[in-house]
Amino acid sequence: YYASGKVITPLLEQGHHLISRAKSNAVAYLPVPEPQRRGKGRPRVYGPKVRLKDLAADGSAFAIAPSPVYGENNVALRYRVLDLVWRPVGRMVRFVIVHHPQRGAGDQYLHRTSDDYRAGVRRKLRAYHVHVQLGAIAQGLLQHLAINHMAEVWRGFWSWLRTTNPAMPPSELVVANALRSGLPAFFSVCDLVPGLKKLADAYRRYDVPQEGLRMAAWENLALSSCLFEQMYS
């Protein structure tokens, strides 16, 4: 989890502190030096931009301290503390860059590890690949529905947009919203699609007013049918 301004600002306003990780490609700004004379206009907030990766590469700026991690004895950590201005919150934030002698190493000699460890690495890599592949498939289905079933998507979109143009293909966000709002209604009339009856019976929620959704189902049935047809074809 990487903290954002929407999380940090309310916590700081209530007097709390937040310790969080930062992305490896994060950037920050040096503090603005105090000017000798106050000029016209709004004073500067941000100084020169710096990359945390560049700051982490300067080994001479690091101090050494024993590791406080439970169970780690005789392990020395190298760390660097910097107070920089971070744009998401527009104020000074303390960054701590830590180098661990064993953890977080990019190079691993897997031929020296156990079979179980190597199997775990393979499972993790497969999980990454499957996650990316499923995301690509889902995005492709959204684009297919937006281009080839434009009218059905706009009829099933019940949310609000500042500018809506039904004559243009909807965005992937609009398609996803239309599918999401129509999915309960689709399952309420899924008896019309025999291939989905068994699946719906296993996962259907019975605390939803089915009769109220039945009329709305017809607006989204064509769109949802297109999606499931692509999934099962």
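Residues numbered from 1 in each chain as written. Predicted model: local features only at pLDDT ≥ 70, side-chain atom pairs only at ≥ 80, totals over all residues. Heavy atoms only, no water.

With that settled, consider the confidence of the model for the chain. In low-pLDDT regions, the fine details of the predicted coordinates are not to be read closely. Put simply, the chain has an average pLDDT of 81, and 82% of its residues get 70 or more. Per-element confidence in the chain ranges from a low mean pLDDT of 50 for helix H7 (residues 210-232) to a high of 93 for helix H3 (residues 115-148). (pLDDT = per-residue confidence, 0-100. Helix = DSSP H or I, 4+ residues; strand = E, 2+ residues; numbered from the N terminus.)

To continue, consider the packing of aromatic side chains. Going through the model one piece at a time under the given rule, you end up with three aromatic pairs. Pairing Tyr29 with Tyr46 gives two aromatic rings, centres 5.0 Å apart and planes at 55°, and the pair type is tilted. Here Tyr29 is found in strand E1 (residues 27-29), whereas its partner Tyr46 is found in the loop between E1 and strand E2 (49-51), with 17 residues between them in sequence. Using a relative accessible area of 23% as the deciding quantity, one classes Tyr46 as partly exposed. When the ring of Trp86 is compared with that of Phe95, the centres are 6.3 Å apart and the planes differ by 90°; the resulting orientation is edge-to-face. When the ring centre of Phe62 is taken as origin, the NZ or CZ atom of Arg78, which lies over that ring, is 5.0 Å away. The side chain of Arg87 reaches across the aromatic face of Tyr46, ending 4.3 Å from its centre. (Phe/Tyr/Trp six-rings, centres within 6.5 Å; stacked < 30°, edge-to-face > 60°. Buried < 20%, exposed > 50% of the residue type's maximum accessible area, 1.4 Å probe, protein only. Lys NZ or Arg CZ within 6 Å of the ring centre and 35° of its normal.)

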